[in-house]
Every structure is written in structure tokens, then in C-alpha cells.
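# Observations on chain architecture
Each chain, written out:
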Amino acid sequence: MAQRNPGTKLELGWISKVYVNRPEVVRHAEQIKKWRTVKGNWQAAWLLKAVTCIDLTTLSGDDTPSSIHRLCFKAKHPIREDLLKALDMHDKGITVGAVCVYPARVTDAVNALKAAGCNIPVASVAAGFPSGQTPLEIKLAEIKLAVQYGAREIDIVISRTLVLTGQWEGLYEEIRQCREACGEAHMKTILSTGELGSLANVYKASMIAMMAGKYMFHPY
């Protein structure tokens, strides 16, 4: 895993100066769609690399130990063996980056991966996923339980209310406490960008999360 972000103090001066040129963002997004893609072996190489970055996830209400076991088998063997042999990559140990489940299923995933003899990390959504409409005390308790069960990555979801009402100090403090509750586990921050109201708010929430010690973003 990458080195963790230690975070910084809150700099509201930076946040107050945030400006997003929406027409320019839209123009650039349209240009990206026209970029040429790599072909042949280079394309295969990048696709294999993409597989190693995937969090193979199940967040279903009907998840069971057996379904988690199947997910973990897929995590260890994400690509058919004949395809890997054709690419001469069958002995390179290609796996997904992590297995992501709800806190209640973390122990199942940890045990299944251990039995499979692989070191794929288990990630867990926490902190009131997906709505974020959970008291902070419960969010922190859920994070600590997931880590206690064996999760090495925690995917928190921010309180969109704090963003939409401009409570940047509150957002910083919430994420900072979540980061502290994660202990040695990495923390990824789900921004729920579609619910933040504007690109400026997405920018501001991103800055706040980085200051508070996030490790990686999930735009979601």
C-alpha cells in the first residue's frame, strides 16, 4: 500500500478561493472522449494493470459467508487461466487490488482469503455508507469494528449536509476523526459528487478531505 497521508491543519483561506470554470471543465471533458486509446499488447498490459487496481465489491443485503467465499476466489483468479497463458502472464500472480464488503462480512472475507493463501487486503465501507446520515459516534464505532475484524482499508462516506450548508470546519473534523479511528488502516473518502450541488463544492470537499488525512478518493 502507498504511504499514508498525515494530513495538515485546516486552511479555510484556500477553500474560500476555490473557483471552477465550468465551461472549461466541460470542454476538457469532451476532449478526453476523443483521445486515442492504446492498442494491441499495450492495451492488454493496461487492462491487466487496471484489474490489479480494482476493489472487487459486494454490498448486497443478501451477502452470506458462501457468497463472500466465491467473491474472494474471484479476487484471486480475476482472469481466465487460458487468457493469462496466451499473454504469458499466468505466473505473474495477477489479482484484484482488494475485496470490499460491509463491516459485518469482513471476518468472512479475511478468513476466505487466508484459506486461499493470498494477501489481498480486505476493504470495508463504513461511517454510515451509503447515505452518511448517521451520528458521528456511530460512524466512528463502525470504523473501529471493521478494523478490529481485519479490514486494512476503510471507505468512509462524507456527510453531504456539511458540504451543502458550507460547514467546512465540521467536515474537516468529521473526516479527521474518521482517519484517527482507522488506526493503521488506510482510509478512502467517498465524496458522492453527484449530491454535492456544484463542481466548486466537489473541489472544496476534496481539498478538505486531503487536509484531514484521506488516502484516496472514491468519486461515487
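Going along each chain's sequence as written, the residues are numbered from 1 onward. Reporting in this predicted model follows two pLDDT cut-offs: at least 70 for local features of residues, and 80 or more for side-chain atom pairs to be given and counted; totals over whole chains, interfaces and linings ignore these cut-offs and use all residues. Excluding hydrogens and water, the side-chain values take into account all heavy atoms of the structure.

Broken down by element type, the protein carries ten helices and six strands. Dimensions of the protein, computed from C-alpha atoms along their principal axes, come out at roughly 55 × 45 × 30 Å. Relative accessibility under 20% of the residue-type maximum defines a buried residue, over 50% an exposed one, and the middle range a partly exposed one, all with a 1.4 Å probe and only protein chains included. Counting across all 220 residues of the protein, residues that qualify as buried make up 40%. Any two residues whose heavy atoms approach within 4.5 Å are treated as being in contact. For the protein, the share of sequence-separated contacts (at least 6 apart) that also reach a separation of at least 24 residues comes to 75%. For the purposes of this entry, the term helix denotes a DSSP run of H or I that reaches at least four residues, the term strand denotes a run of E that reaches at least two, and both are numbered from the N terminus.

This part is about the packing of helix α7 (residues 136-149) against helix α9 (residues 168-181). All axes here are fitted lines through C-alpha atoms, helices being fitted over the stretch that makes contact, and every angle between N-to-C directions spans 0 to 180 degrees. At their nearest, the axes of α7 and α9 sit 9 Å apart, and the two run at 25° to each other. Taken together, the axis directions place α7 and α9 in an arrangement best described as roughly parallel. Note on packing geometry: the crossing formed by α7 with α9 is right-handed. Contacts between α7 and α9 pair L136, K139, L140, I143, K144 and V147 from the former with E174, Q177, C178 and A181 from the latter. Residues were grouped as follows: Ala, Val, Leu, Ile, Met, Phe, Trp, Tyr, Cys and Pro as nonpolar; Asp, Glu, Lys and Arg as charged; and all remaining residues, including Gly, as polar. Grouping the amino acids of the contact of α7 with α9 by side-chain chemistry returns six nonpolar, one polar and three charged. Reported orientations rely on four angle classes, namely roughly parallel under 35 degrees, roughly antiparallel over 145, roughly perpendicular from 65 to 115, and oblique for the rest. When the near helix sits turned anticlockwise from the far one by under a right angle, the crossing is termed left-handed; a clockwise turn instead gives a right-handed crossing.

Take Q133: it is sitting in the loop between β3 (122-126) and α7. Distance from Q133 to W42, taken between C-alpha atoms, is 44 Å for residues 91 residues apart in sequence. Those residues in contact with Q133, other than ones at most four positions away along the chain, are G128 and T161.

This paragraph deals with the packing of α9 against helix α10 (residues 199-212). Where α9 meets α10, the closest approach of the two axes is 8 Å, and the angle between their N-to-C directions is 40°. In terms of orientation, α9 lies oblique with respect to α10. α10 is crossed by α9, and the crossing has right-handed handedness. Facing α9, whose interface residues are W168, L171, Y172, I175, R176 and R179, α10 presents N201, K204, A205, I208, A209, M211 and A212. Within the contact of α9 with α10, the residues separate by chemical class into nine nonpolar, one polar and three charged.

With that settled, consider the pairing of strand β2 (residues 98-101). Alternating positions in β2 separate into two faces, A98 and C100 on one and V99 and V101 on the other, with burial throughout. Across three bridges, the pairing between strand β1 (residues 55-57) and β2 is parallel. Counterpart to T57 in the pairing with β2 is C100. When β2 meets β3, the two strands line up parallel, connected through three bridges. Pairing of C100 across the sheet is with A123, part of β3. Criterion used throughout: strands pair if DSSP finds at least two bridges between them.

A few words on the confidence of the model for the protein. Taken residue by residue, the protein gives an average pLDDT of 92. The fraction at 70 or more is 95%. pLDDT: the predictor's confidence for each residue, scored from 0 to 100. Averaged pLDDT values over the elements of the protein bottom out at 55 in strand β6 (residues 216-218) and peak at 98 in β2.

Given the number of residues in a helix, its expected span is that number minus one, multiplied by 1.5 Å. Helix length check: α10 (14 residues) gives 20 Å between terminal C-alpha atoms against 20 Å at 1.5 Å per residue, within 8%. Where burial is concerned, most of α10 is hidden: ten out of the 14 residues are buried. Every buried residue belonging to α10 is among N201, V202, K204, A205, S206, M207, I208, A209, M211 and A212, and all of these are buried. G213 lies just past α10 and shows a positive phi near 110°.

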